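Examination of the molecular architecture
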Amino acid sequence: MTSTLTQNNINGNHHHHPQYYPSHSSSSKASIKGCCCCLFLLFSFLLLLILAIILVIVLAVKPKKPQFDLQQVGVQYVGITPNPAAIATSSASVSLNIRMVFTAFNDNKVGIKYGQSRFTIMYRGIPLGRGTVPGFYQPAHSVKRVETTIVVDRVNLLQADAADLIRDATLNDRVELRVLGDVGAKIRILGLTSPGVQVSVDCAIVISPRKQALTYKQCGFDGLSV
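Heading Subcellular location (unreviewed entry) of the UniProt record for the chain holds this comment: "Membrane".

With that settled, consider the overall build of the chain. Check the secondary structure of the chain and you find three helices and 11 strands. The buried share among the 226 residues of the chain stands at 31%. Long-range contacts, defined here as pairs at least 24 residues apart, represent 69% of the contacts in the chain between residues at least 6 apart. About 14,700 Å² of surface is accessible on the chain, with carbon and sulfur atoms providing 60% of the total.

So, about the nonpolar core. Generally speaking, soluble globular proteins have nonpolar side chains that are buried together. Counting 39 residues, the largest nonpolar core has F68, L96, M100, F119 and L177 as the members making the most contacts within it. With seven residues, strand β2 (residues 91-106) is the largest single contributor of residues to this core.

Time to look at the packing of aromatic side chains. This model, assessed by the stated rule, comprises two aromatic pairs. Pairing F102 with F119 gives two aromatic rings, centres 4.4 Å apart and planes at 20°, and the pair type is stacked. Of this pair, F102 sits in strand β2 while F119 sits in strand β4 (residues 117-123), and the two are 17 residues apart along the sequence. Across the pair, F119 and F102 agree in class, each one buried. Ring geometry for Y114 versus F136: centroids 4.7 Å apart, planes at 25°, classification stacked. With Y114 in strand β3 (residues 111-114) and F136 in strand β6 (residues 136-138), the pair connects residues that are 22 residues apart, well separated along the chain.

Conventions and cut-offs
- Residues numbered from 1 in each chain as written.
- Predicted model: local features only at pLDDT ≥ 70, side-chain atom pairs only at ≥ 80, totals over all residues.
- Heavy atoms only, no water.
- UniProt positions renumbered as here; feature names shortened; annotations may be inferred.
- Helix = DSSP H or I, 4+ residues; strand = E, 2+ residues; numbered from the N terminus.
- Buried < 20%, exposed > 50% of the residue type's maximum accessible area, 1.4 Å probe, protein only.
- Contact = heavy atoms within 4.5 Å.
- Areas by Shrake-Rupley, 256 points an atom, 1.4 Å probe, with all protein chains shown as cover.
- Core = buried A, V, L, I, M, F, W, Y, C linked by side-chain atoms within 4.5 Å.
- Phe/Tyr/Trp six-rings, centres within 6.5 Å; stacked < 30°, edge-to-face > 60°.

Structure below.
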């Protein structure tokens, strides 16, 4: 009798215990992590595929650096006037009109997009004036001529620089100038633009104030930077 009641109490307590079921949150988190991993792998694969295609195109095209050279220099006006208000040759004003023609060579199989380029004309390290070449697009295997005019409007030089300039112009008829500028270019492949390549142009020119003409020119690339 006592054993029967004890067994019934045990059975009763067993039937009243709550039952726990596994939650669906852990399975949802697992599925989200799985989707994220799949998307990450997919994007990684697409990125590697794009890089491989670009690498194959670059190796096939073999892009060359842009060639941008100062082809012609025309002296339209040269004026050097001593300042009469000061001691002789202690100061002078300089006026120049110089027309420069640049030639861009594109030997690549793809086009080149040039940005706006700025050039500065200098005398003994002193900037006299600046000129600008607008940006342009150059097709593959082509030669393009662009030009700019640098206008120097009565720039004052003092003391030794003015004396040197007046001596060079009047006695030697030979004024040495320097043209500096940066040319930015990008190669376009299948609608994609490459990182910009910047070439620094450095040209030494000599003009004759009497003849209003160019007597010497030597140009080169001062550097190549990306």
